[in-house]
Amino acid sequence: MKALQIAPQALRGLLPPLVATLAVAAGPVAAQSLDIGLNFAELDGWAAATGNDGASSALHLTGDFRTGPAHGVQLDLGGEVIDDGFLGQVDLHVYLAPGRDRKYGFFASLADMDDRELTIGSAGIEVLAVIGGGTIVEARAGAGMIHGSAMRNVDFVSVSGGISHAYSDRTSVFAQATLAEFDEAAISATGYEWLAGLRHGIGDGRIEITAAMGATGLWGRDSAPTEPVVMAGLTWRFSGARGQKRAVDYRAFGTWQPARPLLALGRF
């Protein structure tokens, strides 16, 4: 399996806007008592190996802002290095949080590959909720389109889901999966990806490490064999509540990329 690797030269261009966003986000913290302003923020990075010769790495900044007692907006800025390509992505989530144990809303996502004609857009609905005993579930459904030089105007529908259980305020286990159906002349297949792993907080919980393994592949007319995936990640939770048992209103909706199986398996 190819060694995990992060391409600093690709991520370097992403860091200035990330740092600028951190500075802007820090301003509204004083307004938290009024339920308006920055709710929490975190920086997440990971690296993964797929099969024998696939490698990827990513960096994502998430800021969650309360716009009212039961309303909020989550913004994700990120970039992912997939083999020799750099995919920048922006996600917007507008949600309702009627209680500390659940929130649901709409999302929109736009991603673009640097130095290559490839744009991926999607939108849909999502929910994040406690189902009891330290167990949290997340679900998402949406539709989108891929436009690229190899595949033009490929529509897709996707569903994603995840579950996590906190054994303590330091340690939790999780599993997540994504299915995306592509049914066009250029490609007819269902992409799938799943991961299962462990999260563990260090010290006061601001820093969290993640380790997981899973698989990705395609089935259908344009199928591709299942490839194993191994990943490791690090999260810095620098604002808001922390710990594996924190309430849902201090948890981010996941950053999903339904087209990742196509990208990881070199279909673009």
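Keep in mind that what you see is a predicted model, and the values were worked out from it rather than measured.

Caption draft 1: Fine view of the sheet that holds strand 7 (residues 135–148). One closed barrel accounts for 12 strands, arranged 1-2-3-4-5-6-7-8-9-10-11-12; its pairing is antiparallel. Strand-to-strand twist of the sheet, defined as the mean angle between neighbouring strand axes without regard to direction, takes the value 20°. By the bridge criterion, 13 bridges tie strand 10 (residues 188–202) to strand 11 (residues 207–219) in an arrangement that is antiparallel. Paired with Ala-196 across the bridge in strand 11 is Met-213.

Caption draft 2: Summary view of the packing of aromatic side chains. Summed over all chains, the structure comprises four aromatic pairs. Ring plane angle 45° and centroid distance 4.7 Å describe the contact between Trp-236 and Phe-238, whose orientation is recorded as tilted. The exposure class of Phe-238 is partly exposed, given its relative accessible area of 21%. Looking at Lys-103, its charged tip hangs above the ring of Phe-253, at a distance of 5.1 Å from the centre. For Arg-140, the ring lying beneath its charged end belongs to Phe-107, and the centroid distance is 3.7 Å.

Caption draft 3: Inspection of the side chain of Ser-109 at higher detail. Of note, Ser-109 is situated in strand 5 (residues 102–113). Separated by 3.0 Å, the side chains of Ser-109 and Asp-91 make a polar contact. Leave out the neighbours within four places in its chain, and Ser-109 touches Gln-89, Val-90, Asp-91, Ile-120, Gly-121 and Ser-122.

Caption draft 4: How the structure looks around the side chain of Thr-62. Within the element layout of this structure, Thr-62 appears in strand 2 (residues 54–68). Under the relative-accessibility criterion, Thr-62 is labelled buried at 6%. Side chain to side chain, Thr-62 and Asp-76 meet in a polar contact 2.8 Å long. If we ignore the near neighbours within four places in the chain, the residues touching Thr-62 are Phe-40, Ala-41, Glu-42, Gln-74, Leu-75, Asp-76 and Ala-252.

Caption draft 5: Representation of the pattern of salt bridges in the model. The tally for this structure, following the rule as stated, stands at 12 salt bridges. Where Arg-199 meets Glu-208, a salt bridge forms, and the shortest distance between an N and an O atom there is 3.9 Å. Under the relative-accessibility criterion, Glu-208 is labelled buried at 4%. Because the salt bridges share partners, they merge into one network encompassing Glu-42, Arg-199, Glu-208 and Arg-237.

Caption draft 6: A nonpolar patch on the surface, seen in detail. A contiguous nonpolar surface patch, about 290 Å² in accessible area, is contributed by Leu-75, Val-90, Leu-92 and Val-94. A per-element tally of the nonpolar patch places strand 4 (residues 85–99) first, with three residues. Locating Leu-75 in the fold gives a position in strand 3 (residues 71–82). Judged by relative accessible area, which is 30%, Leu-75 ranks as partly exposed.

Cut-offs used in this document
- Residues numbered from 1 in each chain as written.
- Predicted model: local features only at pLDDT ≥ 70, side-chain atom pairs only at ≥ 80, totals over all residues.
- Heavy atoms only, no water.
- Pairing = 2+ DSSP bridges.
- Helix = DSSP H or I, 4+ residues; strand = E, 2+ residues; numbered from the N terminus.
- Axes fitted to C-alpha atoms, helices over the stretch in contact; angles between N-to-C directions.
- Phe/Tyr/Trp six-rings, centres within 6.5 Å; stacked < 30°, edge-to-face > 60°.
- Buried < 20%, exposed > 50% of the residue type's maximum accessible area, 1.4 Å probe, protein only.
- Lys NZ or Arg CZ within 6 Å of the ring centre and 35° of its normal.
- Polar contact = N/O pair within 3.5 Å; in protein donor to acceptor, adjacent residues only side chain to side chain.
- Contact = heavy atoms within 4.5 Å.
- Salt bridge = Lys/Arg side-chain N within 4 Å of Asp/Glu carboxyl O.
- Patch = residues over 30% accessible without salt bridge, like charges linked within 9 Å, V, L, I, M, F, W, Y side chains within 5 Å.
- Areas by Shrake-Rupley, 256 points an atom, 1.4 Å probe, with all protein chains shown as cover.

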